[in-house]
Structures are given as structure tokens and as C-alpha cells.
Amino acid sequence: MKFGRIGLAMLVATAFSVNIGSAAEKDPLAPRVPADQMAAAKAWKNPMKATPDNIAKGKEIFNGKGTCFTCHGNEGRGDGPAGAALDPTPRNFHNPKLKGKTDGEFAWVIKNGSPGTGMISYVPGVISEEEMALVILFERSLHDQP
Ligand code: HEC
């Protein structure tokens, strides 16, 4: 098999990006929920109200019992120390595009993990459903914050 100069350069570039390229966030809008479970996932409505008090409680769980901060960072920017080595990188919740996702899709990932990534299941093993609902309020409060 013969490679032209450009073909060879592309091959080298591909190998380089696979082996040494820095990790990136996987398209945040791509669905993580399997298609056959999407309708059920989206039907989940957050039972908690987004009051300042509940958002503060969610942040406390995020930065404490839930251990979310270790990967997602204290302010949810996806820059926690344990996330640095992960590819794809942890979600940065300060992304206005995330308004295109539902609370139910977040809940599905927090319960089931995002297969093939460092995001594993945290409910019910680490936090309860109710704690998850509060954490989601905190995460969602960040989408509009620069
Ligand atoms: C060990 C590292 C790690 C920890 C700890 C962690 N996450 Fe994640 N999380 C990730 C990674 C990596 C992704 C990106 C996965 C992807 O791109 O599919 C992610 C993605 C997410 C998403 C995005 C789902 C979507 O549809 O885009 C949510 C929500 C989330 N995490 C919530 C949490 C919550 C809540 C906690 C704590 C209870 C937590 N994570 C703890 C690594 C972590």
C-alpha cells in the first residue's frame, strides 16, 4: 500500500492526536441516554424547586458527600483534580448549551453513568434520589454563569 505525502502526514497527525493529543470534552449535547430509554428519562421532573436555599444545599452535596467536585471542580467547571486525566473530560456546567438538555437526562447519567467514560453511577450508591435532585438544581444554576 502506497501513501502520498499528504496521506502520510494525515496518518501521522491521527496517530499523534490519539496518543498524545490533550483530552477534550465530548460534545455535551450528544445524548448519553440510550434511544429506547430517552422518553422515560425525559419524563423525570425535578421534585425540588430551584430556590437559592435548595441550590446551596445541592452545592454542599456536590462539594461534599457526592464527591462530584473531585472531577467537576468546586464550581462545576469540569476542572477537578481527579478529572484532569480523564478523556473525555468531566462536564463543565457553565455551558449555556446545556439548557438544551433536560433534568431527566442528567438524572439518568447520575444514576447509570455515561458508558465508556469516567462518569459512573452515584445513585443510590453514593447519594440518594433526593440529594441528586438538589445537586441537579446546583448544576443547572451554572449554565447562565460565565
Ligand atoms: C471520577 C470523575 C467524576 C466524578 C467523581 C463525577 N463525575 Fe460527572 N462526569 C464525569 C465525566 C468524565 C463526564 C463526561 C461524560 C461524557 O462526556 O459522556 C461527566 C458528566 C456528568 C454529567 C453530564 C451528563 C450529560 O448528559 O451531559 C452530569 C450531569 C454529571 N457528570 C453529574 C455528576 C454528579 C452529580 C456527580 C457527583 C454525584 C459526578 N458527576 C461525579 C466524571 C465524574
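Just above sits the structure.
Residues numbered from 1 in each chain as written. Predicted model: local features only at pLDDT ≥ 70, side-chain atom pairs only at ≥ 80, totals over all residues. Heavy atoms only, no water.

### With respect to the nonpolar core
Turning to step 1, where the next piece is worked out: In terms of nonpolar packing, the biggest core is built from 21 residues, with Trp44, Phe62, Phe93, Ile110, Ile127, Met132 and Ile136 touching the most fellow members.
Turning to step 2, where the next piece is worked out: Among the elements of the structure, helix H3 (52-62), helix H5 (103-112) and helix H6 (129-141) are those that each provide at least two residues to this core.
Turning to step 3, where the next piece is worked out: Considering every element that reaches this core, the biggest residue donor is H6, with seven residues.
Turning to step 4, where the next piece is worked out: Judged by nonpolar contacts, the second largest core, of five residues, contains Val33, Met38, Trp108 and Val109. (Core = buried A, V, L, I, M, F, W, Y, C linked by side-chain atoms within 4.5 Å. Buried < 20%, exposed > 50% of the residue type's maximum accessible area, 1.4 Å probe, protein only. Helix = DSSP H or I, 4+ residues; strand = E, 2+ residues; numbered from the N terminus.)

### Things to note about the coordination of the iron atom of the ligand
Turning to step 1, where the next piece is worked out: On the protein side, the iron atom of the ligand has His72 (NE2) and Met119 (SD) as donor atoms, found 2.0 to 2.2 Å from it.
Turning to step 2, where the next piece is worked out: Taken together, the six donor atoms surrounding the iron atom of the ligand define angles of 88 to 180° at the centre, an arrangement classified as octahedral. A residue pair is termed long-range when its members are at least 10 positions apart, and His72 in helix H4 (residues 69-72) and Met119 in the loop between H5 and H6 qualify at 47 residues. (Donors = N, O, S within 2.8 Å, 3.2 Å for Na, K, Ca; no water. Tetrahedral: all angles 85-135°; square planar, octahedral: opposite > 155°, others 65-115°.)

### Some thoughts on unusual backbone geometry
Turning to step 1, where the next piece is worked out: Residue Pro88 is reached from Asp87 by a cis peptide bond, and omega for that bond is 5°.
Turning to step 2, where the next piece is worked out: Of note, the bond from Val123 into Pro124 is cis; its omega dihedral lies within 30 degrees of zero at 10°.
Turning to step 3, where the next piece is worked out: Tracing the sequence through the fold places Pro124 in the loop between H5 and H6.
Turning to step 4, where the next piece is worked out: Backbone geometry at Thr67 places phi at a positive 60°, although glycine is not the residue there.
Turning to step 5, where the next piece is worked out: Locating Thr67 in the fold gives a position in the loop between H3 and H4.
Turning to step 6, where the next piece is worked out: Thr67 gets classed as partly exposed once you look at its relative accessible area, which sits at 34%.

### Thoughts on the site of the ligand
Turning to step 1, where the next piece is worked out: As a matter of local geometry, the ligand sits amid 27 residues, with Arg32, Cys68, Cys71, His72 and Met119 nearest to it.
Turning to step 2, where the next piece is worked out: Between the ligand and Arg32, the relevant distance is 2.5 Å, taken from an oxygen atom to a side-chain nitrogen or oxygen of the residue.
Turning to step 3, where the next piece is worked out: Between the ligand and Lys101 there is a distance of 2.8 Å, counted from an oxygen atom to a side-chain nitrogen or oxygen.
Turning to step 4, where the next piece is worked out: Elements with a minimum of two residues in the shell around the ligand: H4, H5 and H6.
Turning to step 5, where the next piece is worked out: Each residue belonging to the shell around the ligand can be placed in one class, and the counts come to 14 nonpolar, eight polar and five charged. (Near = heavy atom within 4 Å. Polar contact = N/O pair within 3.5 Å; in protein donor to acceptor, adjacent residues only side chain to side chain. Nonpolar A, V, L, I, M, F, W, Y, C, P; charged D, E, K, R; others polar.)

### Looking at the environment of Asn112
Turning to step 1, where the next piece is worked out: Positionally, Asn112 belongs in helix H5.
Turning to step 2, where the next piece is worked out: Here the alpha-carbon distance between Asn112 and Arg32, two residues 80 residues apart in the chain, equals 9.9 Å.

### Here we look at H6
Every α-helix winds through 3.6 residues per turn, so residues three or four apart in the chain are directed the same way.
Turning to step 1, where the next piece is worked out: When the terminal C-alpha atoms of H6 are compared, their 19 Å separation across 13 residues agrees well with the 18 Å that a helix rising 1.5 Å per residue should span.
Turning to step 2, where the next piece is worked out: Across the 13 residues that make up H6, a large majority, ten, are buried.
Turning to step 3, where the next piece is worked out: Along H6, the positions that sit buried rather than exposed are Glu131, Met132, Ala133, Leu134, Val135, Ile136, Leu137, Phe138, Glu139 and Arg140.
Turning to step 4, where the next piece is worked out: Packed against the buried residues of H6 are H3 and H5. (Expected span 1.5 Å × (residues − 1). Contact = heavy atoms within 4.5 Å.)

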